[in-house]
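Overview (structure and organization)
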Number of protein chains: 2
Amino acid sequence: MNIGEIAKRAGVSRSTVSYALSGKRPVSTATARRINEVIDELGFRPNASARALAEGRTRTLSLVIPPASSRLTDAQLGFVASVVEVAATHDLDVLLSPSGGDHDRSFERIVTGRRVDGVILMEILLDDARVARLEQAGLPFVTIGHVEHPGASWWVDVDYAALIRRCVHHLADLDHRDVVLINRSDELVAAGYGPAVRSSAGFQEAADARGLTAHTVYCADEPAAGLTCFEDIRRRWPEVTAAVTINEAALPGLQQALHRARLDVPRDFSITGVVAGRLAEGFHPPLTAADVPAEEMARLAVDLLVERIADPSATPRNALLEPAVSLRSSTGARRR
Amino acid sequence: MNIGEIAKRAGVSRSTVSYALSGKRPVSTATARRINEVIDELGFRPNASARALAEGRTRTLSLVIPPASSRLTDAQLGFVASVVEVAATHDLDVLLSPSGGDHDRSFERIVTGRRVDGVILMEILLDDARVARLEQAGLPFVTIGHVEHPGASWWVDVDYAALIRRCVHHLADLDHRDVVLINRSDELVAAGYGPAVRSSAGFQEAADARGLTAHTVYCADEPAAGLTCFEDIRRRWPEVTAAVTINEAALPGLQQALHRARLDVPRDFSITGVVAGRLAEGFHPPLTAADVPAEEMARLAVDLLVERIADPSATPRNALLEPAVSLRSSTGARRR
DNA sequence: TTGTATGCGTTATCAC
DNA sequence: GTGATAACGCATACAA
């Protein structure tokens, strides 16, 4: 069934049906009613491909996610769900595309096949080839995270450096002198993953400012790694009394390590960092941490992208979020 | 840039370019080479909308997910990522569509707009309107979970009843006499959510068979609910020594409640159930549980769907998975 | 082995 | 206020 069928049954031309649907041209109330009756009766909806072809836009966004092999963290997953949700409020569909590994086939298909009107790029590196690719293709896009020299570009990010600094200051205020940063994997840092790199910088900076002794460990995104990492820390720097982390996936392992070492949090050891709110609350005891504002980031990203699509020559905008550190129960004064 | 442009530059007709691309008609090596040169030089890729319109298929699947408001569980999220991954191996893109709440706008758009070649429907209810809708629309689909009377349909599911029975027998073997099922929310059960309903049935069945006293609590999908649920259990039935659960999201809260009650697992209390492997391993101590095989389900679902799309009249197939219960450290003999 | 012509279902530009 | 009709870019049946 197509628009011609509707036209025939309503006794009008195809263009009239089209205009009745889009409202881009006045249609007499009588014919509009007749057309709508037929449409309702037959349950007609315009063919999306035909419409996209004629209109030059697909009413679809692409969300580029890290490959499934590198399992998504809780914050990332919340973000994906929220993006879909927000896009739906704009009547936009979202096409998922795993990328970052080898199969950038999917990414290429989307970029060159004009499959979407715009792209949201998750987990970008400080120097990311896909950014250049999108620019070259002239496809509107917004990145989650920002490249090293963002210049005039569209992005939304969390200010990891600032948040981690705040965490360190908080620990310093509680009289901790030896602290450790549980970062994400060293491969990620080596690849130039912004949050990891900027957290490192912020950590060092604040530690220096407060005269703390600062150590860093790199930890794979999985519980088991969290366990061994923490044991490593205890072995190498037994004097450390507090940890800052951005590694959500390692949290369960950390929890386990703490338990094994018979360390009470926060009496014997303090923990803080940047973590999805749900995870922070799930920790025992609930984590004093900056909650990654996944929903807000999603809303901002989609809104920015919609804006950029509507006006490709608009001046670039961005948002650097600095959510509050929620005081819960995982940090306390250093025990003498 | 379009196929005509390529044809002109290569000095051939448009159809020849098209055939060179699809390989559906032999093309002399000489012209093929010339065409490919031009294509590479200009970085040409056929317009997906035009191709979809002409070909009558979109090379896109839809994955219908629960609305973000009802936060996805770990197992669900692993499933989403895997579906995208597997679809990519078939050169298929995946369109995400939240549904189940009110905004079935997205769902309707996809179904009637011929936006996709097939649909994977997650989290279906025992009696699900969307199933009927898809059947009526004549759109190939595979469901995750099966309706009450599946008849001849395409689906993949986990045999919750059987797995929960196995868990109960395991507990009975360990001499537990009073057990509780920590189910998902009562709304979900009331709505007719298969895994919740079937787990209940299996639980009751096995408990009866072994002469155990069985209780059930319904628990919202969040850590806080897990905490209060467990305290509730302790208050109402202090004699209970073991729990079976399918509620992943409640796990952190459960953990916390156990700790607060100073209950050692498995010495004082045993826990088992059906849980995503990653979560089971993150628990402390690691959970003896049936791991939801998200990747395998994803692979099966996509493969079945691809098969059904290729041959809509093929005889329906389905898969009822019964993953092994991994013995870890959270169950032990009842303490006398 | 290659070219021509038509159709896919809309939108939008004319014309009336 | 409404109708023809030409794009949109590709696939394919039909010719040669």
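Residues numbered from 1 in each chain as written. Chains lettered and ligands numbered in written order. Predicted model: local features only at pLDDT ≥ 70, side-chain atom pairs only at ≥ 80, totals over all residues. Heavy atoms only, no water.

All names here are of chain A. All chains considered together, the criterion is met by two aromatic pairs over all chains. Summarising the aromatic geometry, the rings of Phe 230 and Phe 269 are spaced 5.1 Å apart at their centres and angled 80 degrees between planes, so their arrangement reads as edge-to-face. Of this pair, Phe 230 sits in helix H11 (residues 223–236) while Phe 269 sits in the loop between helix H12 (251–260) and strand S9 (270–276), and the two are 39 residues apart along the sequence. There is no split in this pair, since Phe 230 and Phe 269 are both buried. The ring of Phe 141 carries the charged tip of Arg 308 above its face, separated from the ring centre by 4.9 Å. (Phe/Tyr/Trp six-rings, centres within 6.5 Å; stacked < 30°, edge-to-face > 60°. Helix = DSSP H or I, 4+ residues; strand = E, 2+ residues; numbered from the N terminus. Buried < 20%, exposed > 50% of the residue type's maximum accessible area, 1.4 Å probe, protein only. Lys NZ or Arg CZ within 6 Å of the ring centre and 35° of its normal.)

What follows deals with the protein's contact with DNA strand D. Taken together, 27 residues lie near DNA strand D, and Thr16(A), Arg25(A), Ser28(A), Ile3(B) and Ser18(B) sit nearest. At a separation of 2.3 Å, a phosphate oxygen of DNA strand D approaches a polar backbone atom of Ile3(B). Contact between DNA strand D and Arg51(B): a phosphate oxygen at 3.2 Å from a side-chain N or O atom of the residue. Put simply, the parts of the chain that give the surface near DNA strand D at least two residues each are helix H2 (14–22) and helix H4 (48–55) of chain A together with helix H2 (14–22) and helix H4 (48–55) of chain B. Broken down by element, the residue count for the surface near DNA strand D peaks at four residues, all from H2(B). Its residues assigned to classes, the surface near DNA strand D comprises eleven nonpolar, ten polar and six charged. (Near = heavy atom within 4 Å. Polar contact = N/O pair within 3.5 Å; in protein donor to acceptor, adjacent residues only side chain to side chain. Nonpolar A, V, L, I, M, F, W, Y, C, P; charged D, E, K, R; others polar.)

Another aspect to go through is the relation of the copies chain B and chain A. Here chain B sits on chain A after a turn of 180 degrees about the axis and a move of 0.0 Å along it, with an RMSD of 0.1 Å. In symmetry terms, the pair is related by a two-fold rotation axis. Most of the interface of chain B is mirrored in chain A, where 100% of its interface residues are also at the interface. (Least-squares fit on C-alpha atoms with pLDDT ≥ 70 in both. Contact = heavy atoms within 4.5 Å.)

Ranked by internal contacts, the top residues of the largest apolar core, which has 102 residues, are Leu63(A), Phe79(A), Leu63(B) and Phe79(B). In this view, Phe79(A) contacts Leu63(A), Ile120(A), Met122(A), Ile144(A), Ala294(A), Met297(A), Ala298(A) and Ala301(A); residues no more than four positions away in its chain are not counted. The next biggest cluster of nonpolar side chains, apart from the first, holds 28 residues, and it includes Val64(A), Ile110(B), Val111(B) and Leu134(B). (Core = buried A, V, L, I, M, F, W, Y, C linked by side-chain atoms within 4.5 Å.)

Let us now look at empty space enclosed by the protein. Overall, the coordinates contain five cavities of 30 Å³ or more when judged by the stated rule. By volume, the largest cavity amounts to about 610 Å³. Around the largest cavity sit 26 residues that line it, and Pro252(A), Leu279(A), Asp74(B), Pro252(B) and Leu279(B) are the ones nearest its centre. Tallied by class, the residues present in the lining of the largest cavity amount to 14 nonpolar, six polar and six charged. (1 Å grid on protein atoms, 1.4 Å probe; cavity = no way out; pocket = protein on both sides within 12 Å on 5 of 7 lines; lining within 4 Å. Points joined across faces, edges and corners; volume = space filled by probe spheres on them.)

One way to say it: the disulfide is the covalent bond shared by the sulfur atoms of two cysteines. Tallied over the entire structure, the rule returns zero disulfides over all chains. Unpaired in terms of disulfides, Cys219(A) finds its nearest cysteine sulfur in Cys229(A), a separation of 3.3 Å. (Disulfide = S-S within 2.5 Å.)

Before going further, it helps to spend a moment on the UniProt feature "domain: HTH cro/C1-type" (unreviewed entry) in chain A. The UniProt feature table records "domain: HTH cro/C1-type" (unreviewed entry) at residues 5–49 of chain A. Helix and strand shares over residues 5–49 of chain A are 69% and 0% respectively, and the end C-alpha atoms of the span are 18 Å apart. (UniProt positions renumbered as here; feature names shortened; annotations may be inferred.)

A word on the pairing of strand S2 (residues 93–98) of chain B. Counting buried residues in S2(B) gives six out of six residues, a clear majority hidden from the surface. Inspection of the sheet shows strand S2 (residues 93–98) of chain A paired to S2(B) by three bridges, in the antiparallel sense. Looking across to S2(B), one finds that Val94(A) is bridged to Leu96(B). (Pairing = 2+ DSSP bridges.)

Okay, the environment of Cys219(A) next. Residues and elements named next belong to chain A. For Cys 219, the location among the structural elements is in the loop between strand S7 (213–218) and H11. Judged by relative accessible area, which is 1%, Cys 219 ranks as buried. Separated by 32 residues in the primary sequence, Cys 219 and Glu 187 have C-alpha atoms spaced 9.7 Å apart. Once you skip the residues sitting within four places of it in the chain, Cys 219 turns out to touch Ile 182, Asn 183, Arg 184, Ser 185, Ala 225, Gly 226, Cys 229, Asn 247 and Ala 250.

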